[in-house]
Every structure is written in structure tokens, then in C-alpha cells.
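# Architecture and fold: a report
Residue-level listing of the chains:
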2 protein chains.
Amino acid sequence: MAGEFDLIERIKARIASRDDVALGIGDDAALLDLPQGRQLVVTADTLNAGVHFPHETRPFDIGWKALAVNLSDLAAMGAQPAWCTLSLSLPDNDAAWLDGFLDGFLELASSHGIALVGGDTTRGPLSIAVTAMGWVESGKALRRDGAQVDDDVYVTGTLGDAAAALHSLFAGAVMDRVLRERLDRPMPRVAAGLRLIGLAHACLDVSDGLLQDLGHICERSKVAAHIDVDALPASRSLRRYAPALRRDWQAAGGDDYELCFTAPPTQREAIARIAAETQVPMTRIGKIVAGQGVKAFDAGGVEWLPPRAGYDHFR
Amino acid sequence: MAGEFDLIERIKARIASRDDVALGIGDDAALLDLPQGRQLVVTADTLNAGVHFPHETRPFDIGWKALAVNLSDLAAMGAQPAWCTLSLSLPDNDAAWLDGFLDGFLELASSHGIALVGGDTTRGPLSIAVTAMGWVESGKALRRDGAQVDDDVYVTGTLGDAAAALHSLFAGAVMDRVLRERLDRPMPRVAAGLRLIGLAHACLDVSDGLLQDLGHICERSKVAAHIDVDALPASRSLRRYAPALRRDWQAAGGDDYELCFTAPPTQREAIARIAAETQVPMTRIGKIVAGQGVKAFDAGGVEWLPPRAGYDHFR
């Protein structure tokens, strides 16, 4: 078994750098050069084995997802990813596992130009804590508190796929490949987030279920939202897997890592153009109205109630 | 049991902010204003229960230490602490535990003016991952790669106390209060690090044992070091607890969180003044010489060999 320093060397040997990384892994801390006129955007999210991903998840996918959920937060702010740290707790020193993990982590990092600049490896139950940093032009970030009455509500991509994959996993069903990929390798909507700056009034990433997350926008913006539950975008795999349950998973599942945002109706054409250019579907699913809370209605106008409030690690 | 969002509210209600935190906890990510002419200094360190602290450690001390080990890395760079994120994995939702933890974390944070700007709470085995950010004037950071032949080697404070405390704990001995405090509440040498900018040629924090850590300075600086093992600073508690073992713990123990730095002999007076003004002892323990590796000698000039190579989480 190799020691901790070999692990760090193993990581160090594989990472790409950036011109603004004055000093990367190998000192007490990293030194990073800062651009002018920008704000730093910082987010931290942890994945624990058996809680945030099934134990049998492939190391590649664990590495991918650990970074993806953080990039998704940067995307929701409209930020350009720059740097990240990785704190990796491993039950034992398994070089093949680590290589697989890094394959996934670094493939996604490289495709977004984000540099791994520090972190540590420790012994402990499998847990991956990532802090991601990025940039926005000062004052331009997409926040949760800017939604306005009469805004349209949008969501990117499709909803409910990851929740369906988890259901399938627990049910021991034959797993649909698309659903499984949506659970294991979420695609952070970084390009879409960057393009939405100046257009969207409010934005967040959907990770704990659409209704619960949209509730945060409403609360912070002091508005309410009405959602058409039959307008929520569904993949073909989801429609096929469980038509009767799909609305539950779309409205109140978790692990979607899509963006939910609001924008004035005057921006509909611009948003359609961005969707086409980024090849990320952007579906209009409801309206911001005066009041508080989020209500969902079906196509017939009847109020639809979610089966549960959303995902909460401590419930 | 309260849910995850209550936990976050509980944290949010207690934290102090800073003027440069444009948006703190409560959105997808934090927004931070950047000063001019500075470099960002970033470090990440994790503590796992039973690995980095004994299971019976008080929550206050766990909170303190989780931040302290990160501040110690910033100190070693000569950085001014600014912001941090906290990723907290908890086996259950124990509000009293969390309050105690935050008491310790925030007391230390407040004394260093560092703002908690983000993070998450998840369910899982007890683990605390912190990423700390700070500032240095561009190009001025204390790095590991600047040591020069003929430099003096210094260490702050005293060494070996935490290792002695661990020994005492495992031996079931009556614990000396001072040793226990040195294990549970290390004092990051932030003020000392800031004052060493422009004086020290190289610096790091001693966390894995002096000889091993000083070896990193030598390796990065392409020099060697000779250490006087009988000159290593020892607390009265350590001398009393186990005189025969103290050199082992001082040279090759762990968890010291003191600074080890090198500086030219022309700076001896300046360093004595800084030690007096910061009330942090700075002891000259050896010299940088040509060659590679670290050698220790006793007061009689006989080479002294450490009992083990230093602490490594995977050995």
C-alpha cells in the first residue's frame, strides 16, 4: 500500500493547471491570481457513500458527480468556473479506485477548465468534500432573490430521471441506461448559466426537488409561483419507466442538477435562442405571482400536491 | 429532530459577516469582493472522528480544531484569513452537539476575523471538511521553496505536546491539562506568519512531525537541514510527562501546528523582536546546508535517528 504522499503525488501528476494558478498543490496552500472587476463565487458540497450515491457506484461516476454538483452551484450563479479543492476521505488506499475516481473528476474538470488547486486525502469512511470557486462580473451574479411578479418560470433539461433511477435501483429492476447516467453523471449547466446573465431575474439549481427549491426563490424574492405539473419536461426513458409516478419525481424528486430560473416574458425569444445555441432545453413551466409559496396545478387546472416535501438529509 | 434546513438556519443565525461578503450563506454560492493587488490563498483540510481526533473529544474542541488546522496553513503562507466554507457530515441531528461545535468554530473564526460563507451539512460518519481562503500581497507569500544555504531554521512555540497528550490518552494516564489543550485547541500562528513576510525565506506548518515537514522545505528548496534535537523547544508539561520520550515526539510526533521557517542570520534580531511582540516563542533549532535531506544531531554532536518517519494517514 502506498502512503498518503504517494496519493497526493498521484493526484498531482494528473492535474492540469491554469495561468492564474501561481502555486498549486504541494505547499501549505495554493496561490491564485485574481482578475479585475470580478467577484469570487464560492460553493461547497459533499457526497457521502450510501447517502448521496449508492455504494456500488463506479469510482469514475463518484468523481464526476462530486465535481458536478459543485459546478452546478456555480452554474446557478452564472459563474465561470476557475478553481476547486478536493477533500477525499478513503477507507483504504486503493490506487485503482483512486485512478478511476480521478478519471471522472478530471474529465469533467478539464471540460470546464477548472483547476484542482488543493485539498487533502485522509483515512475515513468514503466521503468527498469539494469547494469550487469561480468568477462573475461584479454585481451580475444570478441570485435567488431577484424573481419578479409576472416572470416566467423555466427549467433546463428534464426532471425526475435521477429519482426514477434510484427507484429502479431499490426495486431491483433492470436499469434504463439513460436514467442511470442521469443519476451518476449529472451535466452541470455551466454554459447555460453564463448565457442567462442579464436575462434571468433569479436562478438556482434543482437538487432537492423542484417545488422545494423553487420555494427558496419565492421565499428570498418575496413572491409566489404557480407551476403546471404536466408541463414539466420528462425524458422518454422516464415516461416509459413509470408514467404514473413521473410527476412525483419531476416535482419532488432530487438529484436533478438542472437550473430553475425566472425571466420576464419579453425575454422568451432570447431564451429560446440560448436554448438552441447551448443545446440545453429550456422549458417554460409556470409563472411568478404575488403572494408566497409554490403551488402546482395539473393540465386541467386542479391543484396537485406533492407526495413529500423534497429531499432532506436529516429526515 | 430538526431537518437540514434548520441546521443551516442554526448556523446562519450565529455567524458574523464581513464587508467584503456581498452574499453569504443562503444562495447557491457565496459572492465575495476582492481587494486589489492581492493573491488568493486557498487551503483545505479535513478532520475525521477517530482518525484526527479521539471520539470523546468535546464538540467545542472539534469545531476549534477543524478551523485551526486550516488557519495554520494560511499562517504558514503569511496570509490574512478572510473566508471559509464548512462541510459537516453528522451521524445524526444533535442540536446540542452542533451548538457546541459552532461555539468552538466561531470563537476561533471571530478572533481571526474570518467569515463562514458557505458549505453544507450532510448525514454520514462524523467528518469536518473546511476550505479556508485568505490574502497575501502579490508575490509576497511564504512558500516552501525559498530556503537558502546558511539560513537559520526556526520553530514557533513548543513541539511534541500533542503527541504526548495522545500517548497519555492511549495509556489511560491522568491527562496533563496543558498537553490536552495543545492537542485539542492548537493556536494557529497567524500573527507570527503575517510578521514573517519579507524576513523568512521559507515556511510551513508542522503537522506531520518536524523532521518530515522540514524535509518538504528541503526538497522544494533543493537544500538540506541539520537540526539540534536537544534545542527543540519543549513545554514544562512535556518535560515532566516523559523526559525519555520527549525528543521522539518533538522531532517526529504530529499535530503541533507550529510554524517551521528559515531566515538568514542577519534577521536574528528582527525575529527576536517579532517573537517578543507577538508573544510567540521562536527558537533557532538548526541550519540549512547544501545537500539533501534532514539530519538531526544531539547536543553531543551524535546523529539522532527518529523512531518513525512521521504521521501518515495511510500507514
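Keep in mind it's a predicted model, so treat the numbers as computed, not measured. (Residues numbered from 1 in each chain as written. Chains lettered and ligands numbered in written order. Predicted model: local features only at pLDDT ≥ 70, side-chain atom pairs only at ≥ 80, totals over all residues. Heavy atoms only, no water.)

## What about the environment of Leu23(B)?
Tracing the sequence through the fold places Leu23(B) in strand 1 (residues 21-23). Taking the relative accessible area as the measure of exposure, Leu23(B) reaches 6% and is therefore buried. Once residues lying within four places of it in the same chain are set aside, the contact partners of Leu23(B) are Met77(A), Arg143(A), Arg220(A), Ala29(B), Ala30(B) and Leu31(B). (Helix = DSSP H or I, 4+ residues; strand = E, 2+ residues; numbered from the N terminus. Buried < 20%, exposed > 50% of the residue type's maximum accessible area, 1.4 Å probe, protein only. Contact = heavy atoms within 4.5 Å.)

## A short note on the interface of chain A and chain B
Counting residues at the interface gives 72 residues for chain A, matched by 72 residues for chain B. Between chain A and chain B, roughly 5,600 Å² of surface is buried when both sides are summed, and carbon and sulfur atoms account for 53% of that area. Taken together, the connections running from chain A to chain B amount to 0 salt bridges. Our count for the contact surface shared by chain A and chain B stands at 19 residue pairs in polar contact (both at pLDDT 80 or more). For the side of chain A that touches chain B, the element with the highest residue contribution is strand 3 (residues 38-48) of chain A, accounting for 10 residues. For the side of chain A that touches chain B, the class distribution of residues is 32 nonpolar, 21 polar and 19 charged. Across 4 bridges, the pairing between strand 3 of chain A and strand 2 (residues 30-33) of chain B is antiparallel. (Buried area = accessible area lost by both parts, 1.4 Å probe. Salt bridge = Lys/Arg side-chain N within 4 Å of Asp/Glu carboxyl O. Polar contact = N/O pair within 3.5 Å; in protein donor to acceptor, adjacent residues only side chain to side chain. Nonpolar A, V, L, I, M, F, W, Y, C, P; charged D, E, K, R; others polar. Pairing = 2+ DSSP bridges.)

## Brief notes about the relation of the copies chain A and chain B
The operation relating chain A to chain B is a screw motion whose rotation component is 180 degrees, with 0.0 Å of axial translation and a residual RMSD of 0.0 Å. Interpreted geometrically, this transformation is the action of a two-fold axis. Looking at the interface residues of chain A, 100% of them are also at the interface in chain B, so both copies use one shared face. (Least-squares fit on C-alpha atoms with pLDDT ≥ 70 in both.)

## Section: the sheet that holds strand 12 (residues 293-297) of chain A
All names here are of chain A. One open sheet accounts for 7 strands, arranged 8-10-7-11-9-12-13; its pairing is mixed. Each of the sheet's edge strands pairs with one partner strand only, and the pair in question is strand 8 (202-206) and strand 13 (303-304). Sheet strands touched by helix 2 (residues 59-76): strand 8 and strand 10 (258-263). Its angle to strand 8, the strand with the most contacts, is close to 165 degrees. Helix 10 (residues 268-278) rests against strand 7 (152-156), strand 10 and strand 11 (282-289) of the sheet, and its axis sits at about 150 degrees to strand 11. (Axes fitted to C-alpha atoms, helices over the stretch in contact; angles between N-to-C directions.)

## Section: the pairing of strand 10 (residues 258-263) of chain B
If a strand is regular, its side chains alternate between the two faces of the sheet. Residues and elements named next belong to chain B. With 6 of its 6 residues buried, strand 10 lies for the most part within the structure. Of the two faces of strand 10, the one lined by Glu-258, Cys-260 and Thr-262 and the one lined by Leu-259, Phe-261 and Ala-263 are each fully buried. Taken together, the 4 bridges between strand 7 (residues 152-156) and strand 10 define a ladder with antiparallel strand orientation. Residue pairing across strands places Tyr-154 opposite Phe-261, the latter belonging to strand 10.

## What about unusual backbone geometry?
All names here are of chain B. Its identity as a non-glycine residue notwithstanding, Asp-150 has a phi of 85 degrees, on the positive side. For Asp-150, a relative accessible area of 43% gives the class partly exposed. In the Ramachandran plot, Gln-279 falls in the positive-phi region, its phi being about 55 degrees despite a non-glycine side chain. By the element assignment, Gln-279 lies in the loop between helix 10 (268-278) and strand 11 (282-289). Judged by relative accessible area, which is 71%, Gln-279 ranks as exposed.

## Overview of the sheet that holds strand 6 (residues 127-137) of chain B
Pairing is mixed in the open sheet, where 6 strands are placed in the order 1(A)-2(A)-3(B)-6(B)-4(B)-5(B). Two strands bound the open sheet, and with one partner strand each, they are strand 1 (21-23) of chain A together with strand 5 (115-123) of chain B. On average, each strand axis in the sheet is inclined to that of its neighbour by 20 degrees, with strand direction left out of account. In terms of strand pairing, strand 4 (residues 80-90) of chain B meets strand 5 of chain B through 8 bridges, oriented parallel. Directly across from Leu88(B), in strand 5 of chain B, lies its bridge partner Thr121(B). Seen against the sheet, helix 2 (residues 59-76) of chain B touches strand 3 (38-48), strand 4 and strand 6 of chain B and runs at an angle of roughly 145 degrees to strand 3 of chain B.

## Some details on the packing of helix 4 (residues 161-171) of chain B against helix 5 (residues 177-184) of chain B
All names here are of chain B. Where helix 4 contacts helix 5, the axes come no closer than 8 Å and their chain directions differ by 110 degrees. In terms of orientation, helix 4 and helix 5 fall into the roughly perpendicular class. Facing helix 4, whose interface residues are Asp-161, Ala-162, Ala-164, Ala-165, Leu-166 and Leu-169, helix 5 presents Leu-179, Arg-180, Arg-182 and Leu-183. Grouping the amino acids of the contact of helix 4 with helix 5 by side-chain chemistry returns 7 nonpolar, no polar and 3 charged. (Parallel < 35°, antiparallel > 145°, perpendicular 65-115°, else oblique.)

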